[in-house]
Amino acid sequence: MITTITDVDVTGKRVLTRVDFNVPQDENGRITDDTRIVETVPTLRAITERGGIAVVMSHLGRPKGSRQPKYSLRPIANHLAEVVGGPVHFAEDCIGPVAEAAVAAAQPGSIVVLENLRFYAEEEQNDVMFATALAKLGDVYCNDAFGTAHRAHASTAGVAAFLPVRCAGLLMQKELDYLGRALAEPKRPLVAVLGGSKISGKIDVIRALMDSCDTILVGGGMMFTFLVAQGKNVGASLVEEDRLNMARELLAEAERRGVRLLIPSDTIAADRFAADAATKTVKVTDIESGWMGLDIGPDTTATFADVIHSAGTVVWNGPMGVFEFPAFSHGTRAIADALVAATEQGAITIVGGGDSAAAITQFGLAQRVTHVSTGGGASLEFLEGKVLPGVAALELT
Ligand code: AMP
């Protein structure tokens, strides 16, 4: 049973809160998308408005254990101050005397942002000494960073054991509620839509989803490995030769277990991998040699959209094509539209993080589905049924 921050008495307590402030920045360090910062505000308010001190820790970029000014969290702390409309204190270190002094000086109701955790290699090593040094800065541990919950780092896992009270932030709780309920007690039919480049990264998730799904729709680059496994010729499309047996096994397993595993019937083929490539819409059996499929075709799109429209729950992870190129973004866009339509008809629709989240945001439709996960790798591992270390740490008794 995981406690949520709103169930914890934080009055006068220092709440050591792991957030995900790993925001995109341009070459001048300007924040180009502050969604992750804005999304932490409800949790921070749940601490400060009830008389707690929010001691906020995060990583930013990959400084690989060394102190690099361009990865400092100071600009992020300044931005947070604008977002919350009040002062935010900044500690130039995330452990040790500087951090301890900053936290000791903080009054109830205030926010202290610690410097980048990954200025210490010990963070990613889940080093015990580093975790105890972090633990000195809090009375309560709160994790609101779902996106890093699949990593056993000091701030996401190790530190939890050294604090007497552990809880999830509101964002983390929302992720666990939506993803957990979608799989555990889905409104049926439960449909999974899987895309992305490679089958190798999705095998475990396909297999795990067979336990709960009624239908699995496969698009993206990985469809071609399935098509070759079915004996088809796919030209120069992306195929993982070393996964053909795996693809055959998955097809057979789906049949044995009565799960509908739908593989595209047509594709948008291109003469090269480029935004301005020549294109042809063809059946998957008619891809010319030297040509490659870079999106699902209109027949497949229509079939997939029909399945989604009649779903009770939809979980989507991975684009249907090379959506970064407009000419090959239609399949992905159509899936996003179908999710929106299904949502309007009362279905629960969940978009896994990573590229599908980027795609639905790019289409301006993120607000029109039930939930867009903030964690790409974490949501995939959750769907695979794996225990996330950052979640397990909150369940310690
Ligand atoms: P992943 O990181 O495995 O989720 O894959 C996402 C990437 O898959 C995106 O950058 C897409 O451009 C790419 N992708 C989708 N469909 C295809 C395709 N048919 N051929 C090659 N790459 C693809």
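What counts, and at which threshold
Residues numbered from 1 in each chain as written. Predicted model: local features only at pLDDT ≥ 70, side-chain atom pairs only at ≥ 80, totals over all residues. Heavy atoms only, no water. Helix = DSSP H or I, 4+ residues; strand = E, 2+ residues; numbered from the N terminus. Polar contact = N/O pair within 3.5 Å; in protein donor to acceptor, adjacent residues only side chain to side chain. Contact = heavy atoms within 4.5 Å. Salt bridge = Lys/Arg side-chain N within 4 Å of Asp/Glu carboxyl O. Phe/Tyr/Trp six-rings, centres within 6.5 Å; stacked < 30°, edge-to-face > 60°. Lys NZ or Arg CZ within 6 Å of the ring centre and 35° of its normal. Pairing = 2+ DSSP bridges. Axes fitted to C-alpha atoms, helices over the stretch in contact; angles between N-to-C directions. Core = buried A, V, L, I, M, F, W, Y, C linked by side-chain atoms within 4.5 Å. Buried < 20%, exposed > 50% of the residue type's maximum accessible area, 1.4 Å probe, protein only. Domains from an automatic or database assignment. Near = heavy atom within 4 Å. Areas by Shrake-Rupley, 256 points an atom, 1.4 Å probe, with all protein chains shown as cover. Buried area = accessible area lost by both parts, 1.4 Å probe. Nonpolar A, V, L, I, M, F, W, Y, C, P; charged D, E, K, R; others polar.

Novice: Even after reading the chapter, I still don't get unusual backbone geometry, so can you show me in this structure?
Specialist: For the bond from arginine 188 to proline 189, the omega torsion is 0 degrees, close enough to zero to count as cis. Tracing the sequence through the fold places proline 189 in the loop between helix 6 (170-184) and strand 7 (190-194). One non-glycine residue, asparagine 126, lies in the positive phi region at around 50 degrees. When you line up the elements, asparagine 126 lands in the loop between helix 4 (121-124) and helix 5 (128-135).

Novice: Sorry if this is basic, but what is going on with the side chain of threonine 215 here?
Specialist: Note that threonine 215 resides in strand 8 (residues 215-218). Polar side-chain contacts of threonine 215 include one of 3.4 Å to the side chain of arginine 260. Residues contacting threonine 215, with those up to four places away along its chain left out, are Leu190, Val191, Ala192, Arg260, Leu262 and Val307.

Novice: What am I meant to see in the pattern of salt bridges here?
Specialist: If the charged atoms of two oppositely charged side chains come close together, the side chains can form a pair. Applying the stated criterion across every chain yields a total of 19 salt bridges. Here arginine 257 and glutamate 253 are joined by a salt bridge, their closest N and O atoms 3.1 Å apart. You can see arginine 257 and its partner glutamate 253 sitting in helix 9 (residues 244-257), four residues apart, about one turn around the helix. Lysine 386 is the salt-bridge partner of glutamate 384, the closest N and O atoms lying 3.0 Å from each other.

Novice: What's the story with the packing of aromatic side chains in this structure? I'm lost.
Specialist: We describe a pair of aromatic rings using the distance from one ring centre to the other and the angle between the two ring planes. As enumerated under the stated definition, the model contains two aromatic pairs in all. Considering the side-chain rings of tyrosine 120 and phenylalanine 130, the 5.3 Å spacing of their centres and the 40 degrees angle between planes classify their relative orientation as tilted. Of this pair, tyrosine 120 sits in the loop between strand 4 (111-114) and helix 4 while phenylalanine 130 sits in helix 5, and the two are 10 residues apart along the sequence. Here the guanidinium or amino end of arginine 181 rests over the ring plane of tyrosine 178, the centre of that ring lying 5.9 Å away.

Novice: Where do I start with the sheet that holds strand 10 (residues 266-270) in this structure?
Specialist: An order of 11-10-12 is seen for the three strands of this open sheet, with the pairing classed as antiparallel. One side of each edge strand has no neighbouring strand; the edge strands of this open sheet are strand 11 (279-283) and strand 12 (292-296). Pairwise comparison of adjacent strand axes, ignoring direction, gives a mean angle of 40 degrees for this sheet. Inspection of the sheet shows strand 10 paired to strand 11 by five bridges, in the antiparallel sense.

Novice: Teacher, can you tell me more about the nonpolar core here?
Specialist: Soluble, globular proteins show a tendency: their nonpolar side chains are buried together. Counting residues in each nonpolar core, the largest one holds 102 residues, and the members touching the most others are Leu114, Ile216 and Phe226. In terms of residue count, helix 11 (residues 330-344) provides more of this core than any other element does, six residues in total. No fewer than three residues from each of domain 1 (5-175) and domain 2 (186-383) sit in this core. Residue contacts for phenylalanine 226: discarding those within four places in its chain leaves Ile199, Ile206, Val218, Ala247, Leu250, Leu251, Leu261 and Ile263. Val8, Val15, Leu80 and Val113 belong to the second largest nonpolar core, which has 28 residues in total.

Novice: Teacher, can you tell me more about the sheet that holds strand 2 (residues 53-57) here?
Specialist: Hydrogen bonding along the main chain pairs the strands of a sheet, whether they run parallel or antiparallel. Pairing is parallel in the open sheet, where six strands are placed in the order 3-4-2-1-5-6. Each end of this open sheet is capped by a strand with a single partner; those strands are strand 3 (89-91) and strand 6 (165-168). Across this sheet, the average inter-strand angle for adjacent strands is 25 degrees, counted without regard to direction. Here strand 2 pairs with strand 4 via three bridges, running parallel. Within strand 4, the position partnered with valine 55 by the bridge is valine 112. Packed on one face of the sheet, helix 3 (residues 96-105) meets strand 1 (14-18), strand 2, strand 3 and strand 4 and runs near 170 degrees to strand 4.

Novice: Would you mind going over the site of the ligand with me for this structure?
Specialist: Around the ligand lies a shell of 14 residues, among which Ser197, Gly293, Gly321, Glu324 and Asp355 are the nearest. Within the backbone of serine 197, an N or O atom sits 2.8 Å from an oxygen atom of the ligand. One nitrogen or oxygen atom from the side chain of glutamate 324 is found 2.5 Å from an oxygen atom belonging to the ligand. Notes on the ligand: free accessible area 510 Å², of which the protein chains cover 78%.

Novice: Which parts of the structure should I look at to understand the domain arrangement of the chain?
Specialist: Much of the literature gives interface size as the accessible area that the parts lose upon coming together. When its domains are assigned, the chain resolves into domain 1 (5-175) and domain 2 (186-383). Averaged C-alpha coordinates put domain 1 and domain 2 at centres separated by 35 Å. Here domain 1 meets domain 2 over a buried area of about 730 Å², counting both sides, of which 57% is carbon and sulfur. Three residues stand out in domain 1 for area buried against domain 2, namely Phe146, His150 and Glu175, and they jointly supply 66% of the buried area on that side. Remark: the boundary between domain 1 and domain 2 carries zero salt bridges. In this assembly, domain 1 and domain 2 are joined by three residue pairs in polar contact (both at pLDDT 80 or more). At the level of elements, helix 1 (35-48) and helix 6 are the ones that each hand at least two residues to the side of domain 1 that touches domain 2. Split by residue class, the side of domain 1 that touches domain 2 holds one nonpolar, two polar and four charged.

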